[in-house]
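Examining the three-dimensional arrangement
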Amino acid sequence: MVSLSTARRNLSTSVRTTPPATAPMWFTDHMLFHYQRCRRRVYLDSYGDTTLKDPPSDYFVKLREDSAEHRTAMLAQFKPLQRPVFERNNWEAGANATYQMMADGVETIYRGVLTAQGPGDVRYRSEPDVLVKRAGESWLGDWYYVPYNVKLGKKPKPEYQLVAAFAAYVLAEVQGVWPETAWLLLKEKQYAVTLGRYVPKLQDALDDCLEAQSGVLTAANPPEVFISRSRCDMCPWLGHCYQEAKAQNHLSLLPGVTKKRYPTLVEMGITTVEALASAQPSHLAYSLDVEQMVTEKMIFQAQANWTEKAIARLHKSRFPLTPSDVPTTDIELYFDIEAAPDKDLIYLHGVLVVNNRTQEETFHALVAEAPEHEETAWFEFLALVDSYPNAPIYHFCPYEAQTVSRLSELYGDGGVNIDHLLNRFVDIHKRVVEAVALPVESYALKHLARWMGFEWRDEDANGAQSICWYDDWLTTGDRTYLDTILRYNEDDCQATYRVKDWLVKFAQPFWQ
């Protein structure tokens with residue numbers, strides 16, 4: 001593949017490639033998308049035992065339904081749409097049918113099949129959601145086509161843009177001219193992909209994919225497992241890969257061992273938790289090109305996991321927290337929010353009030369039983385926390401504080417000094433990661449609290465499931481769903497309390 005300007009010149013004088021007589025080895029936009037996140041995913045999708053896949057979660061089903069609704073809404077602007085007719089999975093027939101529609105000048109083509117010759121026996125295949133006819137010169141005549149892809153996301157993620165560039169590239173091979181852009185129809189906007197920027201990236205990605213995945217395409221050994229929570233959470237192979245990683249005690253299960261850092265660790269011969277636990281921080285920092293405090297945290301983490309003990313992150317022999325960093329007072333508040341990002345909605349402010357004098361605990365659920373009640377729930381929350389003006393407000397990660405700032409701008413402060421309120425907020429997650437390394441795979445609330453002995457009453461409860469339950473509540477009016485959300489939120493507040501209590505007890509010897 002060549003640069004965009006050169007490709008335009010070359011394609012304008014070349015001829016369409018004749019498909020090979022033997023069965024092609026397909027490389028698709030679907031494979032390219034997943035390869036950018038995990039090359040192992042491509043292998044498992046091609047050759048893995050499908051019985052090992054995780055069943056789809058309620059949240060995954062919801063996303064699929066939301067995506068279908070978004071797709072329908074976006075495609076409405078292109079009516080009438082015509083779709084090529086061909087036997088299922090007969091991709092060459094699909095490509096021929098699509099080309100015939102393009103040659104006939106059909107205005108909008110839905111899910112057309114575009115193919116082009118890749119290196120060796122590899123054939124490229126792209127199926128953009130819509131091909132739209134435009135006036136201009138091409139092999140087809142005085143018109144050409146532009147690809148549109150529908151994505152549920154709000155932002156034009158790099159992998160979205162790369163797949164759009166791939167569609168433009170294969171389309172250029174078919175029609176003999178590059179489209180001026182490739183379009184993404186996102187949730188909140190229509191985005192034009194800058195092909196001049198992404199075609200070189202596509203070239204590098206295809207070269208890397210085909211070289212690294214040549215074993216995948218011939219059913220050789222699978223790529224090495226690597227667990228990356230941010231990328232793996234929605235993958236149907238997560239359970240299978242996790243079990244394999246767990247059996248190997250793989251380094252990727254350690255917080256701080258990122259996909260970018262891992263190859264360097266392997267080059268250094270650090271392939272086990274024990275080896276990382278014994279590494280020298282300064283040498284590791286130089287090799288990874290990071291500050292030494294980063295590698296010190298990594299080594300502390302490996303030592304905690306290897307010994308299965310909590311380890312204080314001492315700095316110059318001093319514990320990094322003081323009692324004022326984790327205040328214990330007569331009254332303490334523990335705060336957790338439930339939100340529905342698809343609705344841009346905060347539907348629950350949960351506050352656990354802990355009275356250390358009387359040993360009483362009271363949970364307050366300030367809930368928007370309908371989306372239009374969000375403002376009411378907000379002011380109820382403000383009134384509650386303002387009635388305890390001196391109590392610290394514990395939360396887990398910055399989201400709660402960020403949301404309070406945003407809602408105050410949206411609805412007002414109800415007479416409450418928001419700056420003073422936010423000064424009472426204490427992010428217990430931040431305090432934990434500053435002060436201690438724990439033998440856990442993640443510093444998410446569930447991992448920490450469960451290591452400390454806390455359990456949620458509903459095993460399948462999580463933030464994503466809560467969103468589904470709220471949708472079910474709105475749809476059915478069955479209060480069981482709402483009650484389950486409140487129980488889950490209360491458990492999150494109780495878990496935050498447990499983490500704070502554990503941290504204070506752990507820190508006591510260092511404060512004496």
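Starting afresh in each chain, residues are numbered from 1 along the sequence in its written order. Selection of residues for local features in this predicted model requires a pLDDT of at least 70, selection of side-chain atom pairs for listing and counting requires 80 or more, and totals for whole chains, interfaces and linings are taken over all residues. Each side-chain value is worked out from all heavy atoms of the structure, with water and hydrogens disregarded.

Thoughts on the overall build of the chain
- Comment: elements are numbered from the N terminus, with helices defined as DSSP H or I runs of at least four residues and strands as E runs of at least two. Each helix and strand in the chain was counted, giving 21 helices and 15 strands.
- With the C-alpha coordinates of the chain rotated into their principal frame, the extents come out at 85 × 55 × 40 Å.
- For the exposure calls, accessible area comes from a 1.4 Å probe over protein chains only, and a residue counts as buried if that area is under 20% of its type's maximum, exposed if over 50%, partly exposed in between. Out of the 512 residues belonging to the chain, those deemed buried represent 48%.
- In what follows, residue pairs with any heavy atoms lying within 4.5 Å of each other are defined as contacts. Within the chain, contacts between residues separated by at least 24 positions form 68% of all contacts whose residues are at least 6 apart in sequence.
- Areas reported here follow the Shrake-Rupley algorithm with a probe of radius 1.4 Å; residue values treat only the protein chains shown as occluding. Per element, the accessible surface of the chain, about 24900 Å² overall, is 49% carbon and sulfur.
- In the chain, the 52 positive side-chain charges and the 68 negative ones have mean positions that sit 4 Å from each other. Within this scheme the basic residues Lys and Arg register as positive and the acidic residues Asp and Glu register as negative, but His and the chain ends are omitted. In plain terms, the charge of a residue is placed at NZ if it is Lys, CZ if Arg, CG if Asp and CD if Glu.

Brief notes about helix 5 (residues 91-103)
- Expected span, for any helix, means 1.5 Å times one less than how many residues it has. Look at helix 5: 18 Å from first C-alpha to last across 13 residues, which is about the 18 Å you get at 1.5 Å a residue.
- Within the sequence span of helix 5, burial applies to W91, E92, G94, A95, A97, T98, Y99, M101 and M102.
- Count one or two residues on from helix 5 and you reach G105, which has phi positive near 80 degrees.

Comments concerning the confidence of the model for the chain
- On average, residues of the chain score 91 in pLDDT, and 94% of them reach the 70 mark or higher.
- Each residue gets a pLDDT score, which is the predictor's confidence in that residue and runs from 0 to 100. Of the regions scoring below 50 in pLDDT, residues 1-21 engages in 36 contacts with residues more than four places distant in sequence or in other chains.

Remarks on unusual backbone geometry
- Going from K79 to P80, the amide bond is cis rather than trans, its omega being 0 degrees.
- Despite not being glycine, D344 shows a phi value in the positive range, around 50 degrees.
- For D344, the location among the structural elements is in the loop between strand 10 (331-340) and strand 11 (345-355).
- According to the relative accessible area criterion, D344 is exposed, its value standing at 54%.

A look at the packing of helix 13 (residues 281-288) against helix 14 (residues 292-307)
- Packing of helix 13 against helix 14 brings their axes to within 8 Å, and their N-to-C directions diverge by 115 degrees. Helix 14 is crossed by helix 13, and the crossing has right-handed handedness. Counted together, P281, S282, L284, A285 and L288 of helix 13 and Q292, T295, E296, M298 and I299 of helix 14 form the full contact between these two elements.
- When residues are sorted by character, Ala, Val, Leu, Ile, Met, Phe, Trp, Tyr, Cys and Pro go into the nonpolar class, Asp, Glu, Lys and Arg into the charged class, and all the rest, Gly among them, into the polar class. Considered class by class, the residues forming the contact of helix 13 with helix 14 number six nonpolar, three polar and one charged. Angles run from 0 to 180 degrees between N-to-C directions of axes, and those axes are lines fitted to C-alpha atoms, restricted for helices to the stretch in contact. Take the far helix as your reference; a near helix turned counterclockwise from it by less than a right angle gives a left-handed crossing, and one turned clockwise gives a right-handed crossing.

With respect to the state of the cysteines
- The rule for a disulfide is simple: a pair of cysteine sulfur atoms within 2.5 Å. The final tally for this structure, using the stated rule, is zero disulfides.
- Free cysteine: C38, not disulfide-bonded; nearest cysteine sulfur from C232 at 5.8 Å.
- Judged by its relative accessible area of 18%, C38 falls in the buried class.
- With no disulfide partner, C241 has as its closest neighbouring cysteine sulfur the one in C235, 6.3 Å distant.
- What makes C241 buried here is its relative accessible area of 9%.

Some remarks on the pattern of salt bridges
- Any Lys or Arg side-chain nitrogen found within 4 Å of a carboxyl oxygen on Asp or Glu counts as a salt bridge. In total, this model carries 26 salt bridges according to the counting rule given.
- Residue D66 pairs with K62 through a salt bridge whose shortest N-O separation is 3.1 Å. Taken together, the positions of D66 and K62, both in helix 4 (residues 58-75) and four residues apart, correspond to about one turn of that helix.
- Note that D458 is salt-bridged to R487, the shortest N-O span being 2.7 Å. Linking D458 in the loop between helix 19 (445-451) and helix 20 (463-476) with R487 in helix 21 (residues 479-511), this pair joins segments that are 29 residues apart in sequence.

Thoughts on the environment of L186
- Turning to its location among the elements, L186 is positioned in the loop between strand 7 (182-185) and strand 8 (190-193).
- A residue is classified by how much of its surface remains accessible, and L186, at 1% relative accessible area, is buried.
- When the C-alpha atoms of L186 and K151 are compared, they prove to be 5.1 Å apart, with 35 residues separating the residues in sequence.
- The contacts of L186, once residues within four sequence positions are left out, are H70, M74, K151, G153, K154, K155, P156, Y160 and Y191.

Topic: the sheet that holds strand 14 (residues 425-427)
- Pairing between two strands is assigned when DSSP locates at least 2 bridges connecting them. Judged by pairing direction, the sheet is mixed, and its five strands sit side by side in the order 12-11-10-13-14 without closing on themselves. Both edges of this open sheet fall to strand 12 (360-367) and strand 14, since each of them pairs with a single strand only. Neighbour-to-neighbour, the strand axes of the sheet open up by a mean angle of 25 degrees, direction not taken into account.
- Where strand 11 lies against strand 12, eight bridges are found, and the strand directions are antiparallel. Within strand 12, the residue paired with V354 across the bridge is E361.

Details of the sheet that holds strand 1 (residues 25-28)
- As summarised here, the arrangement of the three strands in space is 1-4-3, forming an open sheet in which the pairing is mixed. A strand with exactly one partner marks an edge of an open sheet, and here the two such strands are strand 1 and strand 3 (114-117). Sheet twist, expressed as the mean angle between neighbouring strand axes with direction ignored, is 30 degrees.
- Note that strand 1 and strand 4 (residues 122-126) share four bridges and pair parallel.

Examining the pairing of strand 3
- Judged from the four bridges that link them, strand 3 and strand 4 form a sheet pairing that is antiparallel. The residue of strand 4 that forms the bridge with A116 is Y124.
- Joining the antiparallel neighbours strand 3 and strand 4 is a turn of four residues, in which G120 adopts a positive phi near 60 degrees.

Re the side chain of D129
- Tracing the backbone shows D129 in the loop between strand 4 and strand 5 (130-138).
- Between N or O atoms, a polar contact is any pair within 3.5 Å; within protein, one atom must be a potential hydrogen donor and the other a potential acceptor, and residues adjacent in sequence are included only when both atoms are from side chains. At 2.2 Å, the side chain of D129 and the side chain of R71 are in polar contact.
- When sequence neighbours within four positions are dropped, the list of residues in contact with D129 reads R71, I109, Y110, R111, Y148, N149 and V150.

Focus: the nonpolar core
- Core analysis: the biggest nonpolar cluster contains 52 residues, and Y347, V432, L438, L448, V499 and L503 have the highest contact counts within it.
- The dominant element in this core, judged by the number of residues it contributes, is helix 21, at 13 residues.
- Excluding its chain neighbours within four sequence positions, the residues that come into contact with V432 are L438, Y443, L448, V499 and L503.
- One finds F33, V163, L184 and L195 within the second-largest nonpolar core, a separate group that totals 44 residues. What is meant by a nonpolar core is a set of buried Ala, Val, Leu, Ile, Met, Phe, Trp, Tyr and Cys residues, joined one to another through side-chain atoms within 4.5 Å.

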